[in-house]
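Structure at a glance
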Amino acid sequence: MSNLTRSSVWQALSAHQIEIREQTMRNLFANDANRFDKFSLREDGLLFDFSKNLITEETLALLINLARQSNLSDWIERQFNGEKINTSEARAVLHTALRSPRDCSVLVDGKNVIPDVHRVLEHIRRYSDAIRSGATLGHTGKKIRHIVNIGIGGSALGPLMACEALKPFGSDDLTAHFVSNVDATDIAETLKKLDAETTLFIISSKTFTTQETLANAHTARAWLVDHLGTEQAVAKHFAAVSTNLSETSKFGINPENVFEFWDWVGGRYSLWSAIGLPIALYIGMENFERLLAGGHAMDEHFRNAPLEKNMPVILALLGIWYGNFFGTGSYAILPYDQYMQHFPAYLQQLEMESNGKRVDREGKPVDYDTHFVVWGAPGTNGQHSFYQLIHQGTRMVPADFLAPLTSHNPIGEHHAMLLSNCFAQTEALMLGKTESEARAELVAQGLTGNALEALLPYKIFPGNRPSNTLLFEKLDPYTLGRLIALYEQKIFVQSVIWNINAFDQWGVEFGKQLANKLLPELRSKGTVNTHDSSTNNLINIYRNRHIA
Ligand code: F6P
């Protein structure tokens, strides 16, 4: 047994779960008029309602003990102070430094990194201001109208999510496009919409070695040169964001258009760095700075609030409660804001790549579950597809509902209808529908006898399905920054309790190696027989089709 599962608090939580699973939230609410006040937090316009969870004050106290037992407060300081807590890569983890004010000091190997962070922010400001104002034009003297981010994973999902989420703040003169997949369809369909004279490509790659990104970057370069007739056009139409400055220069990117970041910024935590360049271009530097300020505000809350009143901590502990003690395997992110349509996919990488781990910090296999499958879609679309399983399936799926109080598009009754759906769903998931309620409903519809009895089982909802609700005033850069940092720090808390490294991704690196190894075999002349019979046949069928 690991220290974690052997610990008295873990054992106490297991015993407590046996009692709690017999209770209903319906009763917990009925018996406590103050339940909402007890189990909700408000901070700087953000409401976190976690009262619709299968918890009591005792549950929360035990979960807080679990956090204390893992020395969470020390770990928080170790993260913020730039200790090399990403041990398998011997790196500090300092996305928090990227959103820190100029007068802060964070040391990595004895050097304060904040001046470098602000030097790059100034570079982003100059460049984005010049492109947006037209002070910097394309090769033929035309204003840039299209930005194409070429990158994948952490070098794409954050900027894509944020540009969509902050569309109301975006420039009317610019359109942001995102190309990730090595499938040529991705870039081909994007290029079809573009005019080379008004297009800027941003090659975003921490390593500048990622197969998909480099393939797309070379295709984009060839397209641009073909359309503008000269290699010289590349200087005005390409920028790069990378930690690998020698590779960006080999690619031929004008060094003035190369934006640097550092190995202490993890890919999936990098939208705050120069990887956010497309965001700054699209929404303007002032708005980008509001996003950073929101992230920093959540960091301050996380660092300073007591554990009992700490949003990322509570969110993390609830995830652990269900994942480890109720055995839930997945967790839904349900934003009731169409602008947040890419938020579930963004969190999917952030959470699953961070905490989808099976060995602990000492390299030993863990004897408890770590992260769950994260998925979701914006409300109300999800209601008409997968909510059926959440309401009446055999598995418990905890869910986070996120919603703005006011809409950027206040048209008629739309927003009231949207939020009525959101609130009704969390209520229905919690309450369910008892047999007698279902029976009364059927009677009211005029059913009797066998017909009523036959339909009755299908009309019962077990309820007791947990959810959190995060309500905010309006989706703006500051609020989005806070929400992203909330989830980033939640993930960190869970990794500390699970004693795993949230900041490496060897599983993904494995995929990168495999792709490069197999490619030459698809091009080879002779029959391939070095793999298992399935893989050999798949390769040979492809070769027979394409190699003469
Ligand atoms: O998707 C896995 C990953 O390793 C991410 O962590 C990273 O953001 C992405 O690949 C792309 O890598 P790079 O930015 O080096 O091209």
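To be clear, the structure that these remarks concern was listed above.
Reading the values: rules and limits
Note on numbering: residues in each chain are counted from 1, in written sequence order. Given that the model is predicted, a residue must reach a pLDDT of at least 70 before its local features are reported, and side-chain atom pairs must reach 80 or more before they are shown or counted; all residues, however, enter totals for whole chains, interfaces and linings. Only hydrogens and water are removed before side-chain values are computed, so all heavy atoms of the structure are retained for them. A 1.4 Å probe rolled over the protein chains alone gives each residue an accessible area, and that area as a share of the maximum for its type sets the label: buried under 20%, exposed over 50%, partly exposed in between. Numbering of helices and strands starts at the N terminus; helices are DSSP runs of H or I of at least 4 residues and strands are runs of E of at least 2. The definition of a right-handed crossover adopted here requires that, viewed with the strands pointing away, the path from the first strand over the helix to the second runs clockwise. Here the rule is simple: two strands pair whenever DSSP picks up at least two bridges between them. Every axis in this analysis is a line fitted to C-alpha atoms, fitted for helices over the stretch in contact. Angles between the N-to-C directions lie between 0 and 180 degrees. Should any heavy atoms of two residues lie within 4.5 Å, those residues are counted as being in contact. How far a helix is expected to stretch is found by multiplying one less than its residue total by 1.5 Å. For our purposes a nonpolar core is just a set of buried Ala, Val, Leu, Ile, Met, Phe, Trp, Tyr and Cys residues, chained together by side-chain atoms within 4.5 Å.

Looking at the pairing of strand 10 (residues 330–335)
Extensive coverage of strand 10 is indicated by the burial of six of its six residues. The two faces of strand 10 match: Ser-330, Ala-332 and Leu-334 on one face and Tyr-331, Ile-333 and Pro-335 on the other face are all buried. After leaving strand 10, the chain enters helix 17 (residues 343–355) and then returns to the sheet as strand 11 (residues 373–375), a path that is right-handed. Alignment of strand 10 against strand 12 (residues 399–404), held across four bridges, turns out to be parallel. Counterpart to Leu-334 in the pairing with strand 12 is Phe-401.

A short note on the sheet that holds strand 8 (residues 238–242)
Taken in spatial order, the five strands of this open sheet run 6-5-7-8-9, and their pairing is parallel. The open sheet has two free edges, formed respectively by strand 6 (175–179) and strand 9 (258–260), since each of these has just one partner strand. Between one strand and the next, the sheet's axes are offset by a mean angle of 20 degrees, whatever the strand orientation. With five bridges connecting them, strand 5 (residues 146–150) and strand 7 (residues 199–204) associate as parallel partners. Looking across to strand 7, one finds that Ile-150 is bridged to Ile-203. Together, strand 7, strand 8 and strand 9 form the strand contacts of helix 8 (residues 114–133), whose direction differs from that of strand 9 by roughly 150 degrees. Across the sheet, helix 10 (residues 184–192) lies against strand 5, strand 6 and strand 7, angled at about 160 degrees from strand 6, the strand it touches most.

Examining the sheet that holds strand 10
Pairing is mixed in the open sheet, where six strands are placed in the order 1-2-13-12-10-11. With partners counted over all chains shown, the strands left at the sheet margins are strand 1 (40–43) and strand 11, one partner each. Strand-to-strand, the axes of this sheet are offset by a mean angle of 15 degrees, without reference to chain direction. As judged from the six bridges shared by strand 12 and strand 13 (residues 467–472), these two strands associate in the parallel manner. By the bridge assignment for strand 13, Pro-404 is matched with Phe-472. Packing against the sheet, helix 16 (residues 311–326) makes contact with strand 1, strand 2 (46–49), strand 12 and strand 13, and its axis sits at approximately 25 degrees to strand 2. With respect to the sheet, helix 22 (residues 477–498) is in contact with strand 1, strand 2, strand 10, strand 12 and strand 13, its orientation differing from that of strand 13 by roughly 150 degrees.

Structural notes on helix 17
Look at helix 17: 18 Å from first C-alpha to last across 13 residues, which is about the 18 Å you get at 1.5 Å a residue. Within helix 17, the full set of buried residues consists of Phe-343, Pro-344, Tyr-346, Leu-347, Gln-349, Leu-350, Glu-351, Ser-354 and Asn-355. The secondary structure elements touched by the buried residues of helix 17 are helix 9 (157–165), strand 10, strand 11, strand 12 and helix 22.

Some words on the nonpolar core
Counting 119 residues, the largest nonpolar core has Trp-264, Phe-343 and Tyr-487 as its most contacted members. Per element, the largest residue contribution to this core is 12 residues, and it comes from helix 22. Dropping the residues within four chain positions of it, Tyr-487 is found in contact with Leu-315, Tyr-331, Ile-333, Phe-343, Leu-347, Glu-351, Asp-400, Leu-402 and Leu-470. Phe-201, Phe-208, Leu-224 and Val-234 belong to the second-largest nonpolar core, a separate cluster that totals 23 residues.

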